[in-house]
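# Structural characterization, general
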Amino acid sequence: MSGKVTNDAGGSGEGGEGTSELDAAFFARWMTATADAVAREADRLTELDSAIGDADHGENMRRGFEAARAELGEEIPATPGAVLMTVGRKLVSTVGGASGPLYGTLLRRTGKALGSGERVSREELAGALSAGVEAVAQLGGAAAGDKTMLDALFPAVEAMTDSGGKDFEAARAAAERGAEETVPLQARKGRASYLGERSVGHQDPGATSAALLMAALAAADTAQGAGPGDSGGSE
Amino acid sequence: MAEAKETKQVGIVLVSHSKEVADSVAQLAAGLAGVPDAPVAGAGGRPDGGLGTSEELIVEAARQVDQGAGVALLVDLGSAVLTVKALLADGDELPEPAQLVDAPLIEGSVAAVVTAAGGGDLAAVAAGAEEAYTYRKV
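Residues numbered from 1 in each chain as written. Chains lettered and ligands numbered in written order. Predicted model: local features only at pLDDT ≥ 70, side-chain atom pairs only at ≥ 80, totals over all residues. Heavy atoms only, no water.

## Some thoughts on the overall build of chain B
Within chain B, the secondary structure is distributed over five helices and four strands. Ordered by position from N to C terminus, the α and β elements of chain B give β-α-β-α-β-α-β-α-α. Taking 2.2 N^0.38 as the reference for a compact globule, 138 residues should give roughly 14 Å; the C-alpha atoms of chain B span a radius of gyration of 13 Å, in line with that estimate. Projected onto its principal axes, the C-alpha coordinates of chain B cover approximately 40 × 35 × 25 Å. For chain B, with 138 residues in total, the buried portion stands at 49%. Looking at chain B alone, contacts between residues at least 24 apart form 74% of all its contacts between residues at least 6 apart. Summed over its atoms, the accessible surface of chain B is roughly 6,500 Å², and 53% of this surface lies on carbon and sulfur atoms. A distance of 5 Å separates the average location of the 8 positive side-chain charges in chain B from that of its 20 negative side-chain charges. (Helix = DSSP H or I, 4+ residues; strand = E, 2+ residues; numbered from the N terminus. Rg over C-alpha atoms; globule rule 2.2 N^0.38 Å. Buried < 20%, exposed > 50% of the residue type's maximum accessible area, 1.4 Å probe, protein only. Contact = heavy atoms within 4.5 Å. Areas by Shrake-Rupley, 256 points an atom, 1.4 Å probe, with all protein chains shown as cover. Lys, Arg positive; Asp, Glu negative; His and termini not counted. Charge placed at Lys NZ, Arg CZ, Asp CG, Glu CD.)

## Concerning the overall build of chain A
What chain A contains, in helices and strands, is nine helices and two strands. Taken from the N to the C terminus, the helices and strands of chain A come in the order α-β-α-α-α-α-β-α-α-α-α. Relative to its 235 residues, chain A shows a buried fraction of 53%. For chain A, restricting intrachain contacts to residue pairs at least 6 apart in sequence, the fraction spanning at least 24 positions comes to 71%.

## Concerning the packing of helix H6 (residues 122-140) of chain A against helix H7 (residues 150-162) of chain A
Residue and element names in this part refer to chain A. For the pair H6 and H7, interaxial distance at closest approach is 9 Å and the crossing angle is 155 degrees. The orientation of H6 relative to H7 falls into the category roughly antiparallel. The way H6 lies across H7 gives a crossing that is left-handed. Here Leu125, Ala126, Leu129, Ser130, Val133, Glu134, Val136 and Ala137 of H6 come into contact with H7, specifically with Leu150, Leu153, Phe154, Val157, Met160 and Thr161. Taken together, the residues of the contact of H6 with H7 sort by class into eleven nonpolar, two polar and one charged. (Axes fitted to C-alpha atoms, helices over the stretch in contact; angles between N-to-C directions. Parallel < 35°, antiparallel > 145°, perpendicular 65-115°, else oblique. Left-handed = near helix turned anticlockwise from the far one by under 90°. Nonpolar A, V, L, I, M, F, W, Y, C, P; charged D, E, K, R; others polar.)

## Thoughts on the UniProt feature "domain: PTS EIIA type-4" (unreviewed entry) in chain B
In the UniProt entry, the feature "domain: PTS EIIA type-4" (unreviewed entry) is given for residues 9-138 of chain B. As annotated, residues 9-138 of chain B has a helix share of 47% and a strand share of 15%, and its two end C-alpha atoms lie 33 Å apart. (UniProt positions renumbered as here; feature names shortened; annotations may be inferred.)

## Quick notes on a nonpolar patch on the surface
Taken together, the side chains of B:Leu28, B:Leu32 and B:Ile106 present a nonpolar region at the surface, about 270 Å² in accessible area. Within the element layout of this structure, B:Leu32 appears in helix H1 (residues 19-33). (Patch = residues over 30% accessible without salt bridge, like charges linked within 9 Å, V, L, I, M, F, W, Y side chains within 5 Å. Salt bridge = Lys/Arg side-chain N within 4 Å of Asp/Glu carboxyl O.)

## What about the interface of chain A and chain B?
The partner chain B presents twelve residues to the 16 residues of chain A that form the contact. For the pair chain A and chain B, the two sides together bury roughly 1,200 Å², of which 53% comes from carbon and sulfur. Its largest share of buried area at the contact with chain B, chain A owes to A:Gly96, A:Arg108 and A:Leu139, together 35% of the area lost on that side. Of the charged contacts in the structure, one is a salt bridge between A:Arg108 and B:Glu55, with a shortest N-O distance of 3.9 Å. Our count for the contact surface shared by chain A and chain B stands at one residue pair in polar contact (both at pLDDT 80 or more). Tallied by class, the residues present in the side of chain A that touches chain B amount to seven nonpolar, six polar and three charged. (Buried area = accessible area lost by both parts, 1.4 Å probe. Polar contact = N/O pair within 3.5 Å; in protein donor to acceptor, adjacent residues only side chain to side chain.)

## A word on the environment of A:Met214
Relative to the helices and strands, A:Met214 is located in helix H9 (residues 205-226). As a C-alpha pair, A:Met214 and A:Gly141 span 73 residues in sequence and 22 Å in three-dimensional space.

## Here we look at the side chain of A:Arg122
Residues and elements named next belong to chain A. Examined against the element boundaries, Arg122 turns out to sit in helix H6. On the basis of relative accessible area, Arg122 is assigned to the buried category, the value being 3%. Within polar-contact distance, the side chain of Arg122 engages the side chain of Asp221 at 2.9 Å.

## Quick word on the nonpolar core
With 59 residues, the main nonpolar core has A:Phe27, A:Trp30, A:Met31, A:Leu125, A:Met160 and A:Met214 as its most contacted residues. Tallying contributions element by element places helix H2 (residues 24-52) of chain A first for this core, with eleven residues. B:Ile12, B:Ala38, B:Leu105 and B:Ala112 belong to the second-largest nonpolar core, a separate cluster that totals 23 residues. (Core = buried A, V, L, I, M, F, W, Y, C linked by side-chain atoms within 4.5 Å.)

Right, here's the structure in full:
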């Protein structure tokens, strides 16, 4: 299940943004773009987490995604599903906080749902992501409005599904809006829930990092549309 | 080490955010239960020693205490709960059968070690540990 991506599998930009199928190189680009975004925003994530959590979200996420980046740098698994499962496994083993099993489950279940095809359609990705998000909800026992990462992920998946999987930009915007809308909510899950009403007025760190994941998806898509044969990977 | 026993005992893994807490509670449980060689191990903190939860350390501890009769996992909170749940749901790395036990870490671990040493199976060990929630202190 892990072979090198060959050159001809890398040129998936021909159909242009919004229509083309997605290959392993695209998923590796998505994960690398997420690592970039997490590294860039780590201080902000930690700052948000210091308000209502234990001030480790930025550092934990950075550690996890840098480990994932290093692994993908050695070898990109052959299929989209394998890329996500590899990164998910890496996150569980390296993050060290609750985000590890939560993001790990999100990516592993999404990857599993993508199956073993070398390319997947955008619609398949929307469906798989929906399964991944559902698994996160089940693992954490959380629902919409509990002030968690799900408040960014649910609307993002809905936006993607509504567009038949085509509109990654709408998913990005929905996730960002969802994250912002956690500000007035009272936390009902995780460490922030210990704060009760005092959790109101702060944006949820997990929803914020989930919005980064969706923004990275849109960014990877734009990069793909812009440059055919572009091997991606902003180092 | 498993073969030294006549009967296989249920293994017990204690997962805490802190290595010191996990290892000390393991020692405490074996001591209070009067079973110094009980198959109980701590899986605390991250591999680098920091506070957190590590899938790797949990799997390692589970394999270490597994004698073939199953492994009960007791946890402190937050990511410890989620990491074990994720391992049980997605991974194939834990010995079979393995079970997350809904119990207070310290009291539950003592009850678990006593039950396991008495030859209880995984269900009995889990029930014994869970019952620790009902021991009121005032």
